[in-house]
Amino acid sequence: MSQEPEQIVIIGSGCAGLTAALYSARAQLAPTVLTGAMPGGLLTTTSIVENYPGFPEGIDGTELMINMQQQAERFGANVKFGSTVEAVDLSERPFKLTVDGEPMQTQTLIIASGAGHRHLGLDSEARLDKKGVTYCATCDGALPMFRDQPLVVVGGGDSACEEATFLTRFGSKVYLVHRRDELRASKIMAERTLENDKIEMVWDSEVEEILGDDKVSGVRLRNNKTETEQTVECAGVFVAIGHVPNTQIFKEQLEMDDAGYITRIEGAQTSVPGVFVAGDCSDKVYRQAVTAAGMGCAAAIEAERLLASESQ
Ligand code: NAP
């Protein structure tokens, strides 16, 4: 491990990671960004982002992330595509990382590892994954297997409403299965969904089993109020029930809550001095592109201030 430690390594390349990269690059710290397997993060799986300020007509999620990446690179960020952190040792500085089997050291670390899709946890869901079960309507909705077929979306938040509305372009009909009798989604999204003639709400219902041998043919639902069951025929099941933070590799090394969200002690500072956090991996309240970007900015400023105070 003879290489000089980096000044700043950023894990993740969503809004939080790339904004941290922009700010630390402009502070001439030449940050290294490890993108992980999904460069651009979850926003690349969204269609039009309508609530990121500065884009009155909205902007395509992937385009927004490519813009952020190029903006950070313009000031000297080193974006390593596909690089995945396998292990970390945060017991002393410089921190030690294992990245694609190779060692790396860094004086400060910004964790912006985001969150992944929550699963229902059914055996049939795992068995039929990519055979009609998917977690991303934007990515998979236009596949021929879903064209002019009935489709099921599971969830009651903004993601589920967005996916259901998007899927009405392709499916013959969309069933939105929610476990309660009221949507969690924002008012505007909920209204759009409830007014859409191609979406049929299935309230108070939970998926007991996804049916099909080599591809999805339907779902078996249980009404949790009446305890009755029904089968709905469909060619696809789009699971949109929220997210879980990508923080597994930091367990036992950083303070986090029971759900795995990394604790911020003060500002962007974690329980280990020199390790900062930003975005969905530490935020279960706001979870917006713009709040993630703001947290990325804060993390970069704090890392820069720490490094500056140590070099005096
Ligand atoms: P969310 O707001 O956490 O909603 C998750 C939904 O899934 C809830 O309705 C929840 O039901 C349901 N659910 C959770 N676990 C379940 C399970 N095991 N079985 C069945 N249903 C389950 O997640 P989200 O919709 O992904 O949204 C996350 C954040 O991103 C939110 O802040 C949202 O505003 C934002 N977002 C914004 C946009 C946009 O503005 N364009 C688009 C997508 C997401 P309960 O309601 O009963 O808890």
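The structure reproduced in this document is the subject of the present report.

### Quick word on the pattern of salt bridges
Tallied over the full model, the rule gives 14 salt bridges. Between lysine 187 and glutamate 191 there is a salt bridge, with the nearest N and O atoms lying 3.3 Å from each other. Taken together, the residues lysine 187 and glutamate 191, both in helix 6 (residues 187-195) and four residues apart, mark about one turn of the helix. Among the residues examined, glutamate 191 registers a relative accessible area of 38% and is labelled partly exposed. For the salt bridge of arginine 222 with glutamate 208, the shortest nitrogen-to-oxygen distance reads 3.2 Å. Taken together, the residues arginine 222 in strand 15 (residues 218-223) and glutamate 208 in strand 14 (residues 205-211) connect sequence positions 14 residues apart.

### Let's talk about the sheet that holds strand 12 (residues 173-177)
Overall, parallel pairing links the five strands, which are arranged 10-17-11-12-13 in an open sheet. Lying at the two open borders of the sheet, with one neighbouring strand each, are strand 10 (133-134) and strand 13 (199-202). Relative to strand 12, strand 11 (residues 150-154) runs parallel, the two being bridged by five bridges. For leucine 151, the partnering residue across the bridge sits in strand 12 and is valine 174. Packed on one face of the sheet, helix 5 (residues 158-167) meets strand 11, strand 12, strand 13 and strand 17 (236-239) and runs near 170° to strand 11.

### A short note on the sheet that holds strand 16 (residues 229-233)
Pairing in this open sheet of three strands is antiparallel, and the strands run 14-15-16 from one edge to the other. Edge positions in the sheet fall to strand 14 and strand 16, since each has one partner strand and no second. Neighbour-to-neighbour, the strand axes of this sheet turn through a mean angle of 30°, independent of strand direction. Sheet topology places strand 14 next to strand 15; six bridges connect them, and they run antiparallel. Paired with isoleucine 210 across the two strands is valine 219, which belongs to strand 15.

### Section: the nonpolar core
Among the nonpolar cores identified, the biggest contains 34 residues, and Ile8, Ile10, Cys15, Leu43, Tyr52, Met68 and Ile110 are the most heavily contacted of them. Broken down by secondary-structure element, the contributors of at least two residues to this core are strand 1 (6-11), helix 1 (15-26), helix 2 (61-74) and helix 7 (289-310). With eight residues, helix 7 is the single largest residue contributor to this core. In this structure, isoleucine 110 is in contact with Ile8, Val9, Ile10, Ile11, Ala20, Phe276, Ala299, Ala300 and Ala303, ignoring residues within four places of it in sequence.

How each quantity is defined
- Residues numbered from 1 in each chain as written.
- Predicted model: local features only at pLDDT ≥ 70, side-chain atom pairs only at ≥ 80, totals over all residues.
- Heavy atoms only, no water.
- Salt bridge = Lys/Arg side-chain N within 4 Å of Asp/Glu carboxyl O.
- Helix = DSSP H or I, 4+ residues; strand = E, 2+ residues; numbered from the N terminus.
- Buried < 20%, exposed > 50% of the residue type's maximum accessible area, 1.4 Å probe, protein only.
- Pairing = 2+ DSSP bridges.
- Contact = heavy atoms within 4.5 Å.
- Axes fitted to C-alpha atoms, helices over the stretch in contact; angles between N-to-C directions.
- Core = buried A, V, L, I, M, F, W, Y, C linked by side-chain atoms within 4.5 Å.

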